[in-house]
Structures are given as C-alpha cells and as structure tokens.
Amino acid sequence: MKDKLYTAAKPTGRLTLGNYVGAVDNWLKMQEEYDSIFCVADLHSLTVLVDPKELKDNSYAVMANYLACGLDPKKCTLYFQSQIPAHPELCWLLDCITSMGEASRMTAYKEKAQNKNNVSVGLFNYPMLMAADILLYDAKYVPIGEDQRQHLELARNLAIRFNNKYGETFVVPQGVYQKVGAKIYNLQNPLKKMSKSDFDNSGNILLEDSLDEIKKKIKRAVTDSDSKIIYDPENKPGVSNLLSIYSVLTKQNMKSCEAFFEGKNYGALKNEVTNAVISVIEPIQEKFKFYMNNKDEIENIAKEGAEKIRAQAEKKVKLVKEKMGLLF
Ligand code: ATP
Ligand code: MG
C-alpha cells in the first residue's frame, strides 16, 4: 500500500507564483508516488473572506488551477473541504484537547489578526481545523510551504497527545518542504511572503495574470544596489527570491543557477526569470480557461473525489468519538 499524502490551499484569492513554487510544484511530483489527496479548503476561507460570490469564484478558480497545473484526478483525489462534514466535526474534538496557550502562539494568527478590529473565532480556530484535515486521512506526508511549519507542528502535537491519552488513533504527519523556494517573497517587498489574499497584488504574481502584467511585475521587482547575482537571502533578499523562483521553475539547483548568472547583470536575471515564469504559466492558463468554461467538469471531479474518501473520514471521526467516550 502506498503512503498517504494530504494538502490543501484556501480559496481566499487566486493562486500565486508563491503557491506554485513553494507547494504545487512539489505536489505534482508527489502525486506520482503517494496516495494523494488535494483539497480546496473552502471552510478555511470563511475565516477571512465574507463575500459569497467571491468565495464561489475563487473556489472554482483554485480547483481549475489545480487541474490546469497538472493534478490529475486519475492519480489523486481532488475535492472541496465543505463536501465532507467530518472536517469541522473532528476540529471540535481536537479543539477540546488544544490549550489556549498553544493556539495563541500561532504566528500566522497573530499576523492575520494584527490591526483588525473584527477578528473571528474561526481565524483563531484555523490551525485546529487544519490538523483535523490532515489527521482524518492518516496522512503521513504533508507537502507545504515554510509558512505552514508551525501549524503542522501543532497537528503533530495533537496527534501524539491524542494517541498517548486514548490509544493509537492518528498517524503522526510529517511536513515536506521544497529545498529551494519553500518561501517565496513579495516582489515589491522581499521581506514579506507572497500571499494570495493580499489586497495589493503589485508584488504578487498570480497564475492568472496576463503575460504583460507578469513581465512588468518582474521588471519592477526590488533588487539591491550591488550587482552580484548570488543566493544570499539575508543580505540580498530580492535577488535571492528571483533566483529561488528561477531554480524551481527551471529545475536546476542553486549552484548551477549561480554559475549561469555569473558576470551577468540584474536586467539579464529579470529577463531569464520572466521567460521561466511565462513558459510555466502560459500552458497552465490555456487549461485554466477550459476548466473555468466547464465548471460542471470541476463539480463532477469534486463529487467523485469526495465519494472516494468520505467513508474513511467518517470512520475516523467515529473512532475518535468512541475513544473520547461519546455514546453515538
Ligand atoms: P493566504 O494569504 O490566504 O494565507 P496563501 O497564498 O498563503 O494565502 P494558502 O492557501 O495559505 O496560500 O497556502 C497554500 C499552500 O501554499 C501552503 O502549502 C502554503 O505553505 C504555500 N504557500 C503560500 N504562500 C507561499 C509562498 N509565498 N511561498 C511558498 N509557499 C507558499
Ligand atoms: Mg497562507
């Protein structure tokens, strides 16, 4: 039997190049080897997004991009989180073994709640729902970006805690991170993560951006006043970010990338990065259009996907409830 893999993205916006380089690129490789589940985490979007029409559009678009990037329903399972009520059900059960202290330490919560005067309980609860997502399916591997490391650690701690208290129930999951590109930064502010829910997208490349927009955004990317093209995230965050994108998209290690750019200027780096991004994104955009014009196809794939895994999720919740002393 193959090892299981679980991961997701939230339809809080449209997928970015950061999502592709840090996560989807790895998913494409891993779906070949593992029993893989890729979820569009729509329930997670409710923590920040409220407009129902936007949520619907983004949900279709994220799934359309999964398919366009090459996630293949013949090889993996694709579905929307809200199709399977076992997710929020297990979340509640895990909430009750999570301490306020550990949940309050989540840096993503602190960042997202910062400067907002209306923060939902859902946003606070997000990491426990994420733990439920993963633990429901006995996932051994969880390919994610660096920003999710702390949440994955919480999922591991909850699995271990539950197993110790109630007996062996959950597989303890392992995070899988890209060697290069596990955190892609905003092109306008290379100290800030590229994020699809940003209000201002001038420093984010979206998979749906026109090729012209992509060229402009890379041309305007912040670099530094030096001229050396080397990977040095601390002193050269902008240049290192462009090199990371280039390395992942052209499937070359960082040493070969540095060798390739030796003696070249920043203009050349930006041109090469633009070519690499366009050659990956252009074919994705063609397929994306097809799926967005055939939403019934997306719905059928998601229905089939959810049916494949629903029983497994329900069985896990039943087991957890029994162990915790619930009668029915
Ligand atoms: P949001 O702003 O709503 O949090 P996001 O762009 O961070 O959106 P998520 O849906 O939270 O996207 O994450 C989907 C996957 O992409 C996760 O595995 C996450 O770690 C990864 N990821 C997100 N942003 C980046 C990034 N800038 N670099 C590398 N990986 C990323
Ligand atoms: Mg995120």
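Residues numbered from 1 in each chain as written. Chains lettered and ligands numbered in written order. Predicted model: local features only at pLDDT ≥ 70, side-chain atom pairs only at ≥ 80, totals over all residues. Heavy atoms only, no water.

1. Re the overall build of the chain
In step 1: Check the secondary structure of the chain and you find 13 helices and five strands.
In step 2: By the compact-globule yardstick of 20 Å for 328 residues, the chain fits well, its C-alpha radius of gyration being 20 Å.
In step 3: By its C-alpha atoms, the chain is 70 × 45 × 45 Å across when sized along the principal axes.
In step 4: Counting only residues that meet the buried cut, the chain has 51% of its 328 residues in that class.
In step 5: Across the chain, every contact between residues at least 6 apart in sequence was considered, and the portion connecting residues at least 24 apart equals 76%.
In step 6: Accessible area for the chain stands at about 15900 Å²; split by element, carbon and sulfur atoms hold 52% of it. (Helix = DSSP H or I, 4+ residues; strand = E, 2+ residues; numbered from the N terminus. Rg over C-alpha atoms; globule rule 2.2 N^0.38 Å. Buried < 20%, exposed > 50% of the residue type's maximum accessible area, 1.4 Å probe, protein only. Contact = heavy atoms within 4.5 Å. Areas by Shrake-Rupley, 256 points an atom, 1.4 Å probe, with all protein chains shown as cover.)

2. Thoughts on the packing of helix α10 (residues 237-249) against helix α11 (residues 254-261)
In step 1: Taken N-terminus to C-terminus, the directions of α10 and α11 make an angle of 115 degrees; their axes are 9 Å apart at the nearest point. Compared by their axis directions, α10 and α11 come out roughly perpendicular. As α10 runs across α11, the sense of the crossing is right-handed. Along its contact with α10, which presents Leu243, Ser244, Tyr246 and Ser247, the element α11 presents Met254, Cys257, Phe260 and Phe261.
In step 2: Its residues placed into classes, the contact of α10 with α11 shows six nonpolar, two polar and no charged. (Axes fitted to C-alpha atoms, helices over the stretch in contact; angles between N-to-C directions. Parallel < 35°, antiparallel > 145°, perpendicular 65-115°, else oblique. Left-handed = near helix turned anticlockwise from the far one by under 90°. Nonpolar A, V, L, I, M, F, W, Y, C, P; charged D, E, K, R; others polar.)

3. Side note on the site of ligand 1
In step 1: Taken together, 22 residues form the shell around ligand 1, and within it Thr12, Asp147, Lys193, Lys196 and Ser197 come nearest.
In step 2: Measuring from an oxygen atom of ligand 1, one finds a side-chain N or O atom of Asn19 at 3.2 Å.
In step 3: Here an oxygen atom of ligand 1 and a side-chain polar atom of Lys112 are 2.6 Å apart.
In step 4: The element best represented in the shell around ligand 1 is helix α1 (residues 17-30), accounting for four residues.
In step 5: Of the residues contributing to the shell around ligand 1, the split by class is seven nonpolar, nine polar and six charged. (Near = heavy atom within 4 Å. Polar contact = N/O pair within 3.5 Å; in protein donor to acceptor, adjacent residues only side chain to side chain.)

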